[in-house]
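# Geometric and topological summary
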Amino acid sequence: MRLRSDVSHLLNTNTVPTSIEIATVQNALDSLDGRISTLQSQLCRLEKQRRQHRAILSPVRRIPLEILAEDIRLSTSALSAGAGALQRSLLTRLWNGFSFTPSYPPNIYHRIVSWFRRSGSIPKSLKYGANFSYCQCTEGVGKECFTLHPALTKLLVEGPPLDHFTLVVNSPKYFREWTAAMDAATSPHTTPRPWDSLRSFKLKFHEDYENEREWDNSSDPAESIFLNLPPTMTSFGLYLPAAGRTVFPDGGDERTAGLNIPANVLESLTEFTIRCDWAGARLFGVLHFCTNLETLTIDFHHKSPLELEDDHPILRMLSHRPISLPSLRALRIRNTATIDVLRYMKAPALTHLDFSMWSGEDPDFADKLISFLDISNARSTLQSLRIYDLTIPAAELRRSLSNLPSLKRLTLELTKFADAPLFVDAHGDQDKITNVEPDLPSLEHFELLELAHDFPIREMLVHLKRRRLNERCTLTVAYMSKSWLRCTESSYWDGYAPPELSIRSLQVLESPSQAPDTKMPLNLMVRISDYTGEPVIKKFSGGPPRVTRGKYIIQAPTFPFLLPSSSATIMARLQNLAHLLNSNAVPNKLETATVQQEIDGLASKIAKAKSQHDRDVLEKQRKCYRAVLSPVRRMPCELLGEIFLLAVPLILHEDNRCAVLNLGRVCKMWREATLYARRLWSGLALEPYGQMSYEEVVSWLNRAGNLPKSLEFDPNCDYCDCYKGAYCNSTSPLLAKLLIEGPKIDHLTLSVLNTGCFQNWLRRFKLAGKESTSRPWDTLRSLSLTVHQMVNSEWEDGPVAPSRSIFKSLPPVICLHLYLPEVEPYYGDSTPGISIPKVFLKRLTEFTIECTWPGNHLIELLKGCVNVETLTIVFDGTTPFEDGDAELAALLKDPIRLPKVHTLRIQSVGPGAEILRYLKTTSLTTLELGFASWTKDDDNNFPERTRLRTSLSGLTSLKQLKLDKVTLSDNLFVAGTPAQKIPVQPHLPSIEHLELLELPPDGAKTVGFSVLKDRTGCAPCMVTLSCQKGFTYKEAEFGVYELKKAGTSLRIIPPFQH
């Protein structure tokens, strides 16, 4: 809209308008505001329509339903209704399990039956946990027992068929009453009960029961509590109560207590798990009848009950004539300080052995293991061995692992043997080194988990070079803490690792409990069989399928494959499907039908096979055919690329680059996914002595297309003599060339020893780029600068003039991350200063600073950040603001104005988040506060709740608040007083999401949930709560139902998940 001609002269002059002209201009402004509002509303509608249309093209719509079902099944959140596609029979595994407690109403029966009905014919599992620390039936006559839930009884009497049932009770008395109630509810006309057809049953006695627990199982087998166990059960888990918290009848103890499990039940078991810390020989009285066991797990509950039982007559007899478990293939020993149990049993068919120690030391571990293997004659059958949390001399461990010719997988987790190397040279004739000890010729997977950061991995690799390998071996290494030794894959290979060994490093875990059970090696396995049926095992990294000297080669990235015996018909059919077996191609409808026909035919052959070898061969073939029909093959490349992005960091170091390249070498589909995920190629970390050339870096970054690109350079040195005229360690010719004539760079991360090194680099950079007109350096949008030392820095003798500052030579970035060195180690009480030109600060829209300097320096910098929208301050656990400072006292009356800041993050903040009192952020919508590790015992450091409430008060526009590691002595939220005229203090009327993370185990009680329900007239709020280990969640304690009525919902996440 143009102004009228009679006021147009005011646009180009400073003439004072008349009252008529003022009214005319005001009308024009009102008209323009109306048009802008109309256009903005149109723009919002158009953007909404664009988002809706883009959603139609989203790759999420093309995810196979089987994969989507697995994601939902593994998720802890509840299944939301309304997605019609999720109701199909493909997703039946989502509905095959249900868990409930005594707090559920009696009419839950119909909901459980309806839930199970959706799972179709898939085996169903049910869990009932009456594991409260008390039971109201002990309070007096007429009180209902928590164990006797009517819905549970009805489910096991007349409900749908069940495959597995888990029952948690407080004592044997309650289990006896529960079985009696179930028998009473069974009528003569009842059809076969689900209880009688159970395949698997787990009975667990609750550990934290407060009342006196008596083991009142009768010594008469006819009156045993286990008399009515399901006759069809083949898997049984029995978790007995701890001996120290159990009262045994007639003044006896655990040595005389009876278990009396019926022999016919034990004889039918193929899998048995028992938790028992009772002394004596009761355990072996049970194992004596388990003649058909294939898998046995014994948990000693952090005790060694057999350690002092050598004089027991039954154990003395068993030490000479051990119990034989002829079918046992897997044995797991849990939570014990010794492995004395091995002295009293033998397992001639054993293939898998697993020890999870407790105290970490067993001086006779090697002798007991060797004796057990010799008596069992299991050295030639043992294929897998895992040892967890054991401290043992390397020579003893070496002796334990000797003469195991069939061992394929060895896992040493938290196993300490650092006094000497595990592998040593074996000498032959004339004292020549012929091999290493232990030999382990069949080893395929060697896992070293939770190692100390100084574990001598390279010394081990030197000895492995001399090892004779019958199979290609994959070594998996994972370190205990984040200070793990960093060795790239190439450095392992370069002169240390034998060519038959592939190395894989795992990311460090947040907690030992998160250690993965299964791992996926990066090398591909290929099994080859000639026409005679004799398998010839070879491995290679890739390549097309081919026929060589009468041997048909099948490459299977997911499942190993063996061809059947000689048959021209079978070979012809396999050749027609070879392109599917050797790739991840998606089969068409005709090929799908053919593969399904093969699977059905193999199923009938497996049922008719006479020998275990034939069944194994046919089962491997069926697995390979099933892989052809795997829904993973139908996964969109876009989503597969997103998964790859989650597996590697955004800025890739040398080992990460190898991982990306290896992903692209798996198959054609994975290569397309890596190329489609352009962010994989958008960031590189340059090493000072790296092997990448300028052309290779440019070629790598060009694969990112138009995405913003990032570079990182860290010289990784502790000293530099460049101020004496020597070569500067921070100099990188490759980086300089990239920033002068390379592709456009969006973000640069630089780490220098001091600003003197950085100035030297800038001078050489300027000389090298004199003739360049448009440099990537000049168009940088974001810069991250880390200075490690104060020595030889421009701040060493106080603040320099802005014209001499290094920031004067920096490009006009709008995003700056500045990490300043520590001051106190060099200067004590004296303080150098920093000065950044105001013109430089005024351009910034995002600013991150980490410093331990006094608060007045930070305040001076913040005063110039008038256009910053995202501000992050890291204090590194210090308290830079001192009480009594005159400048800070003045700021309380006139705070620093940051009018455009909408996101404020403060990490490692001190008590009470005092910095908030000196800032005025009128546009703030998101606030994140990460507190340092203050403790209640330190009164000086303990966050004062009144200060924190005061700091948060007045943030009326705040929508998101995150408090990390906050410790409070009293409630954070309290009821407001009549004088304040607010229901809750701090008020926070616009808050939509409140996150309280890593609270102490009892920290949830100091939040003040009880007053949040009084937030009437405020926006609905979502509260996310996470406490440290030891936290227990009780709905009544938090007042969840009152919160929901007030529009506030509560989300609990377990430790380490966030």
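Keep in mind that this is a model prediction, so the values were computed, not measured.

### Comments concerning the overall build of the protein chain
Within the protein chain, the secondary structure is distributed over 30 helices and 39 strands. With 1058 residues in all, the protein chain has 47% of them scored as buried. A separation threshold of at least 6 residues defines the contact pool for the protein chain, and within that pool the share at least 24 residues apart is 72%. Accessible surface computed for the protein chain: about 53400 Å², of which carbon and sulfur atoms make up 51%.

### A look at the confidence of the model for the protein chain
Per-residue pLDDT for the protein chain averages 75, and the proportion of residues at 70 or more is 71%. For the protein chain, per-element mean pLDDT is lowest for strand E19 (residues 526-529), which scores 28, and highest for strand E7 (residues 295-299), which scores 94. Considering only residues more than four positions removed or in separate chains, one finds that residues 507-568, a stretch of pLDDT under 50, has 120 contacts. Below a pLDDT of 50 lies the segment residues 935-945, which in the model reaches 20 contacts outside its immediate sequence neighbourhood of four places, other chains included.

### Quick notes on the side chain of Ser782
Looking at the secondary structure, you find Ser782 in strand E26 (residues 782-787). Within polar-contact distance, the side chain of Ser782 engages the side chain of His747 at 2.6 Å. Excluding anything up to four places from it in sequence, Ser782 contacts Asp746, His747, Leu748, Val813, Cys815 and His817.

### Some words on helix H16 (residues 612-628)
In this model, H16 (17 residues) spans 25 Å end to end at C-alpha, consistent with the 24 Å of a helix rising 1.5 Å per residue. Val617, Leu618, Gln621, Arg622, Cys624, Tyr625, Ala627 and Val628 are the residues of H16 that are buried.

### Quick look at unusual backbone geometry
A positive phi angle, near 55 degrees, is found at Asn260, a position not held by glycine. Here Asn260 shows up in the loop between strand E5 (235-239) and helix H6 (263-267). Using a relative accessible area of 23% as the deciding quantity, one classes Asn260 as partly exposed. The phi dihedral of Leu414 falls on the positive side, at around 55 degrees, and the residue is not glycine. Of note, Leu414 is situated in strand E13 (residues 409-416). Note on Leu414: relative accessible area 14%, which makes it buried.

### Let's talk about the packing of aromatic side chains
For the coordinates displayed, the defined rule picks out 18 aromatic pairs. With 5.9 Å between their ring centres and 15 degrees between their planes, Phe236 and Phe272 make a pair best called stacked. With Phe236 in strand E5 and Phe272 in strand E6 (residues 271-275), the pair connects residues that are 36 residues apart, well separated along the chain. Each member of the pair, Phe236 as well as Phe272, is classed as buried. Connected via pairs of aromatic rings, a cluster forms that spans Phe165, Phe175, Trp178, Trp195, Phe201, Phe226, Phe236 and Phe272. Positioned over the ring face of Tyr239 is Lys204, at 5.9 Å from the centre of the ring. Positioned above the aromatic ring of Tyr694, the side-chain terminus of Lys737 is 4.5 Å from the ring centre.

Conventions used here
Residues numbered from 1 in each chain as written. Predicted model: local features only at pLDDT ≥ 70, side-chain atom pairs only at ≥ 80, totals over all residues. Heavy atoms only, no water. Helix = DSSP H or I, 4+ residues; strand = E, 2+ residues; numbered from the N terminus. Buried < 20%, exposed > 50% of the residue type's maximum accessible area, 1.4 Å probe, protein only. Contact = heavy atoms within 4.5 Å. Areas by Shrake-Rupley, 256 points an atom, 1.4 Å probe, with all protein chains shown as cover. pLDDT = per-residue confidence, 0-100. Polar contact = N/O pair within 3.5 Å; in protein donor to acceptor, adjacent residues only side chain to side chain. Expected span 1.5 Å × (residues − 1). Phe/Tyr/Trp six-rings, centres within 6.5 Å; stacked < 30°, edge-to-face > 60°. Lys NZ or Arg CZ within 6 Å of the ring centre and 35° of its normal.

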